Amino acid sequence: MSEIITLGEFIIKNQTRFPESKGELSSLISSIRLAAKIVNAEINKAGLLDHIMGKVGDTNVQGEEQQKLDVYANEKFIKAIKARQQVCGIASEEEESFIAFESEQCRKGKYVILIDPLDGSSNIDVNVSVGTIFSIYRRVSPVGSKATLEDFLQPGHQQVAAGYVVYGSSTMMVYTTGDGVNGFTFDPTIGSYFLSHPKFSIPKQGQIYSINEGNYPFFNQSLKDYLRHIKLVDKESRRPYTSRYIGSLVSDVHRNMIKGGLYMYPGTSRKPNGKLRLCYECNPMAFIIEQAGGKATDGVQRIMDIKPTELHQRAPLYLGSSDMVDEVESFLKA
Ligand code: AHG
Ligand code: MN
Ligand code: MN
């Protein structure tokens with residue numbers, strides 16, 4: 001039988017790669033692991049909350065105000081991360097500006113974290129997979145002071161760690177600290193994550209493309225040409241490709257990580273920078289994909305080379321199997 005490794009053991013083993021971190025990064029990642037368990041439990045009850053216990057906005061039996069799950073997830077992640085006192089600040093999709101933690105211990109934290117606490121949340125109502133995305137940077141402001149905006153506006157290639165949790169038919173946490181990507185599957189009967197996908201490697205070429213093609217009238221001509229090209233019959237390149245679009249970035253990317261494929265959220269004539277957020281959606285997914293051997297671009301440059309200027313800025317995103325990213329890029333740059 002092969003070795004059984006829990007996420008907790010793996011984090012401790014991996015700690016030796018960051019001697020300067022003195023276990024802070026490990027503690028931070030394990031706080032995400034904990035919050036993801038709490039959020040997972042709540043997501044699994046989503047149907048009960050809405051349809052049996054009452055709609056969001058109602059008060060439940062304990063008289064507590066029920067919350068939308070993305071607000072709930074946001075609170076749980078912030079609370080769990082703050083409690084470990086390893087980061088000096090956090091930025092979230094659900095918060096207009098970043099939060100700089102005030103305590104002396106937090107100010108001494110070397111890291112900042114950015115999160116999308118619940119990605120694809122509109123899928124909850126229809127019982128489809130959702131996720132959490134996180135990205136960790138070493139701060140650029142002096143240790144001991146309060147976190148600044150500059151700590152959060154670093155290009156993606158400065159990430160120390162990034163990961164996602166997919167709450168799917170099983171719950172998985174997938175993350176990288178820059179030395180490959182590993183995936184851990186949650187066993188709810190034991191309450192632990194186990195290493196199930198060591199050293200993720202995305203196929204160089206896949207047959208799946210994922211895009212919201214309903215936006216077709218607003219795509220530019222190069223992208224339209226590419227979408228026509230991939231539907232042409234060609235035995236050698238196994239075209240036409242297959243279309244799969246869940247509408248949950250984490251789930252679409254996770255599937256493509258395993259099967260190979262290309263995820264696209266392009267800029268359109270209506271939304272020139274697309275929809276996805278650079279700092280806590282595009283960058284962490286780009287880091288993971290690159291660490292698994294794939295590529296991520298905005299159509300012009302590598303996602304992780306973009307210098308962010310705003311916390312919530314958007315960027316067009318093309319990411320996945322390296323040959324497929326090269327192929328779409330050759331159309332976009334033509
Ligand atoms: P979020 O739920 O965090 O706002 O993110 C939703 C995102 C992403 O998960 C997904 O890929 C994309 O929105 C889908 O957008 P469209 O409905 O425009 O296709
Ligand atoms: Mn999202
Ligand atoms: Mn979200």
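Residues numbered from 1 in each chain as written. Chains lettered and ligands numbered in written order. Predicted model: local features only at pLDDT ≥ 70, side-chain atom pairs only at ≥ 80, totals over all residues. Heavy atoms only, no water.

(A) Summary view of the overall build of the protein chain. Within the protein chain, the secondary structure is distributed over ten helices and 13 strands. Its C-alpha atoms give the protein chain a radius of gyration of 20 Å, near enough to 20 Å, the size a compact globule of 334 residues would have. For the protein chain, the spread of C-alpha atoms along the three principal axes comes to 60 × 50 × 50 Å. Total accessible area on the protein chain stands at roughly 15100 Å², and carbon and sulfur atoms take up 51% of it. For the protein chain, the distance from the average site of its 38 positive side-chain charges to the average site of its 38 negative ones is 3 Å. (Helix = DSSP H or I, 4+ residues; strand = E, 2+ residues; numbered from the N terminus. Rg over C-alpha atoms; globule rule 2.2 N^0.38 Å. Areas by Shrake-Rupley, 256 points an atom, 1.4 Å probe, with all protein chains shown as cover. Lys, Arg positive; Asp, Glu negative; His and termini not counted. Charge placed at Lys NZ, Arg CZ, Asp CG, Glu CD.)

(B) Main features of the sheet that holds strand β2 (residues 99-100). Sheet architecture is open: eight strands sit in the order β2-β1-β3-β4-β5-β6-β7-β8, paired in mixed fashion. In this open sheet, the two strands that pair with only one neighbour each are β2 and β8 (192-197). Strand direction decides the pairing type here: strand β1 (residues 87-92) and strand β3 (residues 111-119), joined by five bridges, are parallel. Bridge pairing links I90 to I113 in β3. (Pairing = 2+ DSSP bridges.)

(C) Molecular detail of empty space enclosed by the protein. Following the criterion strictly, the structure yields one cavity of 30 Å³ or more and no others. What lines the largest cavity is I11, N14, Q15, F18, S21, L25, S26, I29, Y175 and T177. Contributions of two or more residues to the lining of the largest cavity are made by α1 (7-14) and α2 (24-43). The element contributing the most residues to the lining of the largest cavity is α2, with three residues. (1 Å grid on protein atoms, 1.4 Å probe; cavity = no way out; pocket = protein on both sides within 12 Å on 5 of 7 lines; lining within 4 Å. Points joined across faces, edges and corners; volume = space filled by probe spheres on them.)

(D) Inspection of the coordination of the manganese ion (ligand 3) at higher detail. Coordination of the manganese ion (ligand 3) by the protein comes from E93 (OE), D116 (OD) and L118 (O), over a distance range of 2.0 to 2.3 Å. Every donor residue of the manganese ion (ligand 3) comes from the same chain, spaced as E-x22-D-x1-L. The distance between the manganese ion (ligand 3) and the manganese ion (ligand 2) comes to 3.8 Å, and D116 binds to both of them. This pair shows no difference in class: D116 is buried, exactly as L118 is. (Donors = N, O, S within 2.8 Å, 3.2 Å for Na, K, Ca; no water. Buried < 20%, exposed > 50% of the residue type's maximum accessible area, 1.4 Å probe, protein only.)

(E) Up close: helix α7 (residues 221-229). Along α7, the positions that sit buried rather than exposed are S222, L223, K224, Y226, L227 and H229. Next to the buried residues of α7 lie β9 (208-210), β11 (262-265), β13 (317-320) and α10 (322-332). (Contact = heavy atoms within 4.5 Å.)

(F) Inspection of the packing of helix α8 (residues 249-259) against helix α9 (residues 278-291) at higher detail. Running from amino to carboxyl end, α8 crosses α9 at an angle of 10°, the nearest separation of the two axes being 12 Å. On the basis of their axis angle, the class for α8 and α9 is roughly parallel. In terms of crossing hand, the pair formed by α8 and α9 is right-handed. On the side of α8, the interface is formed by L249, V250, V253 and M257, while α9 contributes E281, M285, I288 and I289. (Axes fitted to C-alpha atoms, helices over the stretch in contact; angles between N-to-C directions. Parallel < 35°, antiparallel > 145°, perpendicular 65-115°, else oblique. Left-handed = near helix turned anticlockwise from the far one by under 90°.)

(G) Representation of the site of ligand 1. Lining the immediate surroundings of ligand 1 are 16 residues, of which D119, G120, Y245, Y263 and Y265 lie closest. Within the side chain of E93, a nitrogen or oxygen atom sits 3.0 Å from an oxygen atom of ligand 1. In the environment of ligand 1, an oxygen atom lies 2.7 Å from a nitrogen or oxygen atom belonging to the side chain of D119. Considering ligand 1 on its own, with 470 Å² of exposed area, one finds that the protein chains cover 80% of that surface. Judged by its atoms lying within 2 Å of the grid points, ligand 1 is housed in the second largest pocket. Those elements that place two or more of their residues in the shell around ligand 1 are β3 and β11. With three residues, the single largest contributor to the shell around ligand 1 is β3. Taken together, the residues that form the shell around ligand 1 break down as six nonpolar, five polar and five charged. (Near = heavy atom within 4 Å. Polar contact = N/O pair within 3.5 Å; in protein donor to acceptor, adjacent residues only side chain to side chain. Sits in = over half its atoms within 2 Å of the grid points. Nonpolar A, V, L, I, M, F, W, Y, C, P; charged D, E, K, R; others polar.)

(H) Region of the structure containing the domain arrangement of the protein chain. Split by domain assignment, the protein chain resolves into domain 1 (7-197) and domain 2 (208-332). For domain 1 versus domain 2, the separation of C-alpha centres amounts to 24 Å. Interface of domain 1 and domain 2: buried area, both sides summed, is about 2700 Å²; carbon and sulfur atoms make up 65% of it. Contact with domain 2 buries surface across domain 1, with I133, L153 and Y164 losing the most and accounting together for 23% of the total. Our count for the contact surface shared by domain 1 and domain 2 stands at one salt bridge. Taking the shortest distance from any N to any O, the salt bridge between E150 and K307 comes out at 3.9 Å. For the side of domain 1 that touches domain 2, the elements supplying multiple residues, two or more each, are β1, β3, β4 (130-138), α6 (149-152), β5 (159-167) and β6 (171-176). Among the elements that take part in the side of domain 1 that touches domain 2, β5 stands out by supplying eight residues, more than any other. For the side of domain 1 that touches domain 2, the residue count by class is 22 nonpolar, 18 polar and seven charged. (Domains from an automatic or database assignment. Buried area = accessible area lost by both parts, 1.4 Å probe. Salt bridge = Lys/Arg side-chain N within 4 Å of Asp/Glu carboxyl O.)

(I) Spotlight on the environment of L262. Looking at the secondary structure, you find L262 in strand β11. With relative accessibility at 0%, the residue L262 sits in the buried group. Sequence separation of L262 and Q207 is 55 residues, and the distance between their C-alpha atoms is 8.2 Å. When near neighbours in sequence (up to four residues on either side) are disregarded, L262 contacts I208, Y209, S210, Y226, N256, Y318, L319, M324, V325 and V328.

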